[in-house]
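Coordinate analysis (summary)
What follows is the residue order along each chain.
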Amino acid sequence: MEATCVAPPETALSVDPGLSAVEPFFVELEKRLDALLESRLDALEARRREDERQALLDRFAAGHPDFRTLAADGSLEAQKRANGLLDDVGAYFAHHLEAERRSRDDALDAARQEAATAAEARALERLRAKGLARTLSVAPAGAGRGQGVDPDLAAPEKFGGVHAVLAARLAARRRCAGD
């Protein structure tokens, strides 16, 4: 006898006509469920990131005591409006940089003003000294008034100072005038 292999009879998948009618409903339900899960996971991740950010912000505020004050008075919001790239911490540092710049500019302006005042005082003193030297250099009736420098006024410290030289000249003039 010969052995013949007989293939098992093929079983055809039977499709239940009632199941095929609800299959699109289950596919749509699965899509909606996937979208709902994805949106919930995204919301959960966003909440986790926000909680982490808030914890970092609280830690930063603990190390910088004026942070909460600046946030409350609107200084940080003004910085963020001026530069849209800044967050709270960036606005905090931008505020401090601006305050430092203003302070430095004010100090520089004060130093410039002080230097200008001192330079003006020195210039006036030099003008007064030159004017005094010119008027006292030659006798008032002389033709070369103000042109020559007397040796006693060129170096008054040799003759006891400016006041001593002027007093000696005044005395000499009075003697010449007959007083």
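For the structure, check the block above.
Now for a quick tour of the structure. The shown structure was predicted, so the numbers you read here are calculated from the model rather than taken from an experiment. (Residues numbered from 1 in each chain as written. Predicted model: local features only at pLDDT ≥ 70, side-chain atom pairs only at ≥ 80, totals over all residues. Heavy atoms only, no water.)

As a further point, take the pattern of salt bridges. One pass over the structure, following the stated rule, counts ten salt bridges. A salt bridge links Arg53 to Asp88; the shortest N-O distance between them is 3.9 Å. Note that Arg53 is positioned in helix 1 (residues 17-63) and Asp88 in helix 4 (residues 88-137), a separation of 35 residues in sequence. Judged by relative accessible area, Arg53 falls into the partly exposed class, the value being 35%. Given the relative accessible area of 16%, Asp88 is considered buried. Each of the salt bridges in this network shares a partner with another, and the network as a whole consists of Glu45, Arg48, Arg49 and Glu52. (Salt bridge = Lys/Arg side-chain N within 4 Å of Asp/Glu carboxyl O. Helix = DSSP H or I, 4+ residues; strand = E, 2+ residues; numbered from the N terminus. Buried < 20%, exposed > 50% of the residue type's maximum accessible area, 1.4 Å probe, protein only.)

Evaluated as defined, the whole model comprises six aromatic pairs. Between Phe60 and Phe67 the ring centres are 5.4 Å apart and the planes differ by 90 degrees, which places this aromatic pair in the edge-to-face class. For the pair shown, Phe60 and Phe67 are each scored as buried. For the pair Phe60 and Tyr92, a centre-to-centre distance of 5.4 Å together with 90 degrees between the ring planes defines the contact as edge-to-face. Remark: Tyr92 occurs in helix 4 and Phe60 occurs in helix 1; sequence separation between them is 32 residues. (Phe/Tyr/Trp six-rings, centres within 6.5 Å; stacked < 30°, edge-to-face > 60°.)

Leu57, Phe60, Ala61, Phe67, Leu70, Leu76, Ala91 and Tyr92 form the largest nonpolar core, which has eight residues in total. For this core, the secondary structure elements donating two or more residues are helix 1, helix 2 (66-73) and helix 4. Looking at this core, the element that brings in the most residues is helix 1, giving three residues. Those residues within four positions of Leu70 in sequence are excluded, and the remaining contacts are Ser75, Leu76, Tyr92, His95 and His96. (Core = buried A, V, L, I, M, F, W, Y, C linked by side-chain atoms within 4.5 Å. Contact = heavy atoms within 4.5 Å.)

Following the sequence through the fold, Asp66 ends up in helix 2. Taking the C-alpha atoms as reference, Asp66 lies 9.1 Å from Tyr92; in sequence the two are 26 residues apart. In contact with Asp66, other than residues within four places in its own chain, are Tyr92 and His96.

What follows deals with the side chain of Ser75. Tracing the sequence through the fold places Ser75 in helix 3 (residues 75-82). According to the relative accessible area criterion, Ser75 is buried, its value standing at 19%. Among the polar contacts made by the side chain of Ser75, one reaches the side chain of Asp73 at a distance of 2.8 Å. In this view, Ser75 contacts Leu70 and His95; residues no more than four positions away in its chain are not counted. (Polar contact = N/O pair within 3.5 Å; in protein donor to acceptor, adjacent residues only side chain to side chain.)

These results come straight from atomic positions and should not be treated as a statement about function.
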